[in-house]
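Architecture at a glance
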Amino acid sequence: HFAVSGTNEIAERISASDAVLISETTDSTTYDDLTTNGPTVSVQTGAFALVIVHGSMENFGAGSARMSYEISGATSDAPADNRGVGFFGAASGNINASDVSLWTALNPGTNTFTAKYRVSSGTGNFRSRRIIVMPF
């Protein structure tokens, strides 16, 4: 698709997606990679991008399981609980969840979005992990 890149200018932008569909676990209480990193996408952005993450998750203990993403490249931003999805509840529950975030202050250029995972306690299990980025 095309997006405004300046006064009387447009730029082609190509959306990207990636998925990791296998089941993997972590007991890290800080955002980290799972055994299979990602999903990850690198896209050419302007200052804006719409980011969608989706995952199926559970916690085998009493804690939460969270999926967020970091941004690297032209922009650097660490994963955060306020953008992403999470499971909060009793052991052996499961949730499928998606989050949509509109970024309005990216540095134009190549930005890479990589999913990261953490728990508050216990062991988190993550499946059907997806990320979609629509740059503007």
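Residues numbered from 1 in each chain as written. Predicted model: local features only at pLDDT ≥ 70, side-chain atom pairs only at ≥ 80, totals over all residues. Heavy atoms only, no water.

Quick word on the confidence of the model for the chain
Filter applied, for reference: The quantity known as pLDDT measures the predictor's confidence residue by residue, on a range of 0 to 100. Numbering of helices and strands runs from the N terminus; a helix is a DSSP stretch of H or I covering at least four residues, while a strand is a stretch of E covering at least two.
Scored by pLDDT, the chain has a mean of 93; 97% of the residues are at 70 or more. Across the chain, the secondary-structure element scoring lowest on mean pLDDT is strand β1 (residues 2-6), at 83, and the one scoring highest is strand β3 (residues 16-20), at 98.

Considering the pattern of salt bridges
So the rule is basically this: What makes a salt bridge here is a side-chain nitrogen of Lys or Arg within 4 Å of a carboxyl oxygen of Asp or Glu, nothing more. Note on classification: 1.4 Å probe, protein chains only; a residue is buried when its accessible area is under 20% of the maximum for its type, exposed when over 50%, partly exposed between these limits.
Counted by the stated rule, this structure contains seven salt bridges. In this structure, E70 engages K116 in a salt bridge whose closest nitrogen and oxygen atoms are separated by 3.8 Å. Here the residue E70 occupies a position in strand β7 (residues 65-73), and K116 occupies one in strand β10 (residues 109-119), the gap between them amounting to 46 residues. When its relative accessible area of 10% is taken as the criterion, K116 is described as buried.

Re the pairing of β1
To be explicit about the condition: Strands qualify as paired when DSSP identifies two bridges or more between them.
Two strands pair when backbone bridges link them, and β1 and strand β2 (residues 9-12) are joined in this way by four bridges, in the antiparallel orientation. Residue pairing in the sheet places F2 in a bridge with E12 of β2. As consecutive antiparallel partners, β1 and β2 are separated by two residues, and within that stretch N8 has a phi angle of approximately 60°, a positive value.

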